[in-house]
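# Commentary on secondary and tertiary structure
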Amino acid sequence: MPPLFHGTAYYPELWPEADIDHDIAEMTRLGINVVRMGEFAWSTMEPNDGEISLAFFERVIDRLHAAGIRTIFCTPTPTPPIWLTHDHPERLHVDVDGRRMIHGSRQHACTNNPDFRRYARRIVEAIARTLGRHPALVAWQTDNEFKCHVAECYCASCRTQWHEWLATRYGTIDQLNELWGTRIWSQSYQRFDQVPPPARTAFLHNASLLTAYRLFTHTKLAEFQAEQLAIIRQHTSAPITHNSEPGFHLDNELLFRDLDFASFDHYPSASDYRRMLFRFDLFRNATRSRRFWVMETSPSHNGCLTEVTQSAHPSAFVGALAASAYAQGAEGFSYWLWRQQRTGCELPHGSILSAWHRPATGYRAAETVDRVRRALEPLLVGRTLRAPAAALTYSDRARHMWSVEPLMSGLERVDGFDYLERVAEWHDLLRANRCPRDLCLPGAPLDSYRLLVTPFVPHLPADFVTRVTQWVKRGGTWIVGPMTNWRTEEHTVNTDAGLGWLESFAGIETTSISPLWKTGTEGDAFGLRAPLRSWGAFFRPTTAKAIGEVVAGDLLGEAFIAEQPHGQGRVVLLGAMPDGAEGRAMLDRLIQHYATAANITFDDETSADVVTSTWLRRDDELQIVVNLGAAPGSITLSRPAIDATTGEPVATGRLELPAHHWRALLHA
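Residues numbered from 1 in each chain as written. Predicted model: local features only at pLDDT ≥ 70, side-chain atom pairs only at ≥ 80, totals over all residues. Heavy atoms only, no water.

## Examining the overall build of the protein
A count of helices and strands for the protein gives 17 helices and 29 strands. The C-alpha atoms of the protein give a radius of gyration of 26 Å, which matches the 26 Å a tight globule of 668 residues would have. Dimensions of the protein along its principal axes, counting C-alpha atoms only, are 75 × 75 × 40 Å. For the protein, the residues scored as buried account for 60% of the 668 residues in total. Sequence-distant contacts in the protein: of pairs separated by 6 or more residues, those separated by 24 or more amount to 70%. Total accessible area on the protein stands at roughly 26300 Å², and carbon and sulfur atoms take up 51% of it. When the 66 positive and 77 negative side-chain charges of the protein are each reduced to one mean point, those points stand 2 Å apart. (Helix = DSSP H or I, 4+ residues; strand = E, 2+ residues; numbered from the N terminus. Rg over C-alpha atoms; globule rule 2.2 N^0.38 Å. Buried < 20%, exposed > 50% of the residue type's maximum accessible area, 1.4 Å probe, protein only. Contact = heavy atoms within 4.5 Å. Areas by Shrake-Rupley, 256 points an atom, 1.4 Å probe, with all protein chains shown as cover. Lys, Arg positive; Asp, Glu negative; His and termini not counted. Charge placed at Lys NZ, Arg CZ, Asp CG, Glu CD.)

See below:
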């Protein structure tokens, strides 16, 4: 375990250089040992075309380093300067409605434009060559929050590259027409350059076209990052990351494939920390190194010109959030931002220092996190985080297929299928049922897991299919569904079977796939009865054993849960989601049953807001317990312990934790 980092986003280019020493003194007092800078400073580095100087940033990094503060340096490509875009509309991003971005915010240039790429390579080369060997450099960050504000681009550069990408992917136009089924509505194409980027049209585009254009966009974005990585790695051995998020318009699996560690930005309120736990479990597994950082979170509250989205956090909550981050394997916990913006569009956003250089609402939170880091760091040295035996599949490819086909319904005012929210529900289920868990991307290795849950993935990639079927036969328990593999890779409907190859592997035959809104459909499983919601696949077992059957509605007697053994393992097909309190009880029973069958070691029982993690060493285990709630919580210890910070014994049984409090417990 490397040292723990406590950091902040720092923008010295926005303030008088004379303020830097004051900043450094305050950072030192607060235990800030790393800063991140540079991501929005292209015009400072290159005020005019070709006039590049990094001298200011070298001086800042030198002064920080002298005080023992390390630096993460970012490439400044999200904010190209005015000279690069003025009188060059062809370099600007064009949205789905044909509106061209203008200068003044960020992400306004098209990252596929050849001129923009050329200028981006030049500034990255200058930065990497100048700063790459600086001893203060602890890491690099590419760009900033790719595709957080914009989605697919529809400019002329993208159109040309789209046609080239299609030709490479499909080989012939006849192959594209066949896979997409373009005879429908006379959509057949004669040449690749006739295939339109799916901008606004009279009704709806072909689902295959929409999904393919998203894949094209994600692939080209990863290519843009790869150009930066190749340049940076010529000049440095420092690791490289990007600060991403599950909700951005990209594919995190593609993005992190060539990065050294993962990092993310998230701004939870004190009342909704559970999404932060989701991100810990996801980004811990986004790279093979399993290293991750919380690169941005607010020390107090969020805010921009149009709204302040939350009240100020209690400083103790930020301390508990940092404790849970470090406890879940984070190497760094960093704020946005150090000093309140005096200009721009984020004037009300929380910070550590005010614009007038006095402690702001986040100052006390930073003091609290400093105490947390200093207490935890020596405890984690020489230990490794226990790898969970259960995992939940997360797929950005699936998320974007759901954005194409969101299954909106006016019957119950359902605005659309929210993939992130639905997967987060499963994450909450596993956590509530005390299953130590990872969120793993489809390409992640499976060998360390005994239980895998894969819900809401419209198409399972071929490589994943090969690996998961072999894993099941070696002893894995795979809970798959609902609404999984009901579409092809090209976003068409299966024609061989409702769930494609999954039917034969699961030992069932699908009889229907249908919406369940206002149908009165109910199912029975594990001795419990519950309504079934949204959409469902219903089937008859061929070789599988029915575990859940429909007991009310037109599908009476059809199965919606089935179990099929394979080798030493089993596949459990869940066709539809149980709903309401009864449905939650049924899903709890399902998880407990199959986690027990998979020999999962359950975490100690806790109250709802208490989270735990276990760190291993040869002769003992360290259990870190954090109460993220605003009320007292508890854990029921299954074995005695010693408090790692005080040396006092802790008995088996119920242990109370005050609000936003944590404990570190040693078990022999």
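Here the narrative resumes, following the displayed structure.
## Let's talk about the state of the cysteines
Under the defined criterion, the tally for this structure stands at zero disulfides. Cys155 takes part in no disulfide bond, and the closest cysteine sulfur to it belongs to Cys110, at a distance of 3.6 Å. For Cys155, a relative accessible area of 3% gives the class buried. Here Cys158 is not cross-linked by a disulfide; its sulfur's nearest cysteine counterpart is in Cys110, at 3.5 Å. Residue class for Cys158 comes out buried when judged on its relative accessible area of 1%. (Disulfide = S-S within 2.5 Å.)

## Let's talk about the sheet that holds strand E24 (residues 620-627)
Spatial strand order, E10-E23-E24-E29-E26-E27: six strands in an open sheet with antiparallel pairing. Looking along the sheet, the strands with just one partner apiece sit at the ends: strand E10 (384-385) and strand E27 (649-650). Here strand E26 (residues 641-643) runs beside strand E29 (residues 662-667); their pairing, made up of two bridges, is antiparallel. Its bridge partner lying in E29, Asp643 is registered against Leu665. Seen against the sheet, helix H11 (residues 315-327) touches E10, strand E23 (610-617), E24 and E29 and runs at an angle of roughly 150° to E24. (Pairing = 2+ DSSP bridges. Axes fitted to C-alpha atoms, helices over the stretch in contact; angles between N-to-C directions.)

## Here's the deal with the pairing of strand E11 (residues 390-393)
Side chains of E11 alternate between two faces, with Ala390 and Leu392 and Ala391 and Thr393 buried alike. Inspection of the sheet shows E11 paired to strand E12 (residues 437-440) by four bridges, in the parallel sense. Among the inter-strand pairings, Ala390 is bridged to a residue of E12, identified as Arg437. Pairing of E11 with strand E13 (residues 451-454) involves three bridges; the strand directions are parallel. Bridge pairing in E13 links Ala390 to Leu451.

## Some points on helix H8 (residues 207-232)
Owing to its 3.6 residues per turn, the α-helix brings residues three or four apart onto one side. If you check H8, its first and last C-alpha atoms are 38 Å apart, about what 26 residues at 1.5 Å a residue would give, namely 38 Å. Among the 26 residues that make up H8, 20 are buried, leaving the element largely enclosed by the rest of the structure. In this structure Asn206 caps H8, since a side-chain oxygen of it lies 2.8 Å from the backbone nitrogen of Ser208. (Expected span 1.5 Å × (residues − 1). Polar contact = N/O pair within 3.5 Å; in protein donor to acceptor, adjacent residues only side chain to side chain.)

## Re the packing of helix H1 (residues 20-30) against helix H12 (residues 363-380)
The N-to-C vectors of H1 and H12 enclose an angle of 50°; their axes lie 9 Å apart at closest approach. The orientation of H1 with respect to H12, classified from their angle, is oblique. Within the contact between the two elements, H1 uses Glu26, Arg29 and Leu30 and H12 uses Tyr363, Ala366, Glu367 and Asp370. The class makeup of the residues in the contact of H1 with H12 is three nonpolar, no polar and four charged. (Parallel < 35°, antiparallel > 145°, perpendicular 65-115°, else oblique. Nonpolar A, V, L, I, M, F, W, Y, C, P; charged D, E, K, R; others polar.)

## Points about the packing of helix H6 (residues 156-170) against helix H7 (residues 173-180)
Relative orientation and spacing of two packed helices are given, respectively, by the angle between their axes and the distance between those axes. Put simply, H6 and H7 touch, their axes get as near as 8 Å, and they point 85° apart. With respect to each other, H6 and H7 are oriented roughly perpendicular. When H6 is examined against H7, the residues Trp162, Leu166 and Tyr170 are found in contact with a partner set consisting of Gln175, Leu176, Leu179 and Trp180. Grouping the constituent residues of the contact of H6 with H7 by class yields six nonpolar, one polar and no charged.

## Section: the nonpolar core
Counting residues in each nonpolar core, the largest one holds 166 residues, and the members touching the most others are Phe73, Trp140, Phe333, Trp426 and Trp478. In terms of residues, this core owes the most to one element, H11, which gives nine residues. (Core = buried A, V, L, I, M, F, W, Y, C linked by side-chain atoms within 4.5 Å.)

## Remarks on H1
Looking only at H1, the buried set comprises Ile20, Asp23, Ile24, Glu26, Met27 and Leu30. With its buried residues spanning 165° around the axis, H1 presents them on a single face. Tucked into the core, H1 has its buried residues touching strand E1 (5-9), strand E2 (34-37), helix H3 (55-66) and H12. (Arc of directions from axis to C-beta.)

## A closer look at unusual backbone geometry
Cis geometry marks the peptide bond from Trp336 to Leu337; its omega dihedral reads 15°. Position of Leu337 relative to the elements: it lies in the loop between strand E9 (330-335) and H12. Here the residue pair Gly481 and Pro482 is connected by a cis peptide bond, since its omega of 5° sits within 30 degrees of zero. Tracing the sequence through the fold places Pro482 in the loop between strand E14 (477-480) and helix H16 (502-506). For Gln107, which is not glycine, the phi torsion reads 60° and is therefore positive. Within the fold, Gln107 resides in the loop between helix H4 (82-85) and helix H5 (114-131). The backbone of Ser534 shows a phi angle near 60°, a positive value even though the residue is not glycine. Structurally, Ser534 can be placed in strand E17 (residues 528-541). When its relative accessible area of 18% is taken as the criterion, Ser534 is described as buried.

## Overview of the side chain of His427
When you line up the elements, His427 lands in helix H14 (residues 419-432). Using a relative accessible area of 1% as the deciding quantity, one classes His427 as buried.

## Focus on the environment of Pro89
Relative to the assigned elements, Pro89 resides in the loop between H4 and H5. Taking the C-alpha atoms as reference points, Pro89 and Ala109, separated by 20 residues in sequence, lie 9.1 Å from one another.

## Details of the side chain of Glu46
Its location among the elements puts Glu46 in the loop between helix H2 (42-45) and H3. Accessibility expressed as a relative area gives 0% for Glu46, which makes it buried. Here Arg122 takes part through its side chain, which lies 2.4 Å from a polar atom of the side chain of Glu46. Setting aside chain neighbours within four positions, we find Glu46 in contact with Glu51, Ile52, Pro81, Trp83, Arg122 and Ile123.

## Points about the packing of aromatic side chains
Per the counting criterion, the structure on display carries 37 aromatic pairs. Measuring from centroid to centroid gives 6.1 Å for Trp42 and Phe116, while their planes differ by 55°, and the two rings are tilted. Of this pair, Trp42 sits in helix H2 while Phe116 sits in helix H5, and the two are 74 residues apart along the sequence. Between the aromatic rings of Tyr213 and Phe216, the centroid separation amounts to 5.3 Å while the plane-to-plane angle is 40°, which identifies the pairing as tilted. In this pair, Tyr213 and Phe216 both sit in helix H8, three residues apart, roughly one turn of the helix. Taken together, the ring pairs in this structure connect Tyr154, Trp162, Trp165, Tyr213 and Phe216 into an aromatic cluster. The lysine or arginine in question, Arg339, covers the ring of Trp15, its NZ or CZ lying 3.5 Å from the ring centre. (Phe/Tyr/Trp six-rings, centres within 6.5 Å; stacked < 30°, edge-to-face > 60°. Lys NZ or Arg CZ within 6 Å of the ring centre and 35° of its normal.)

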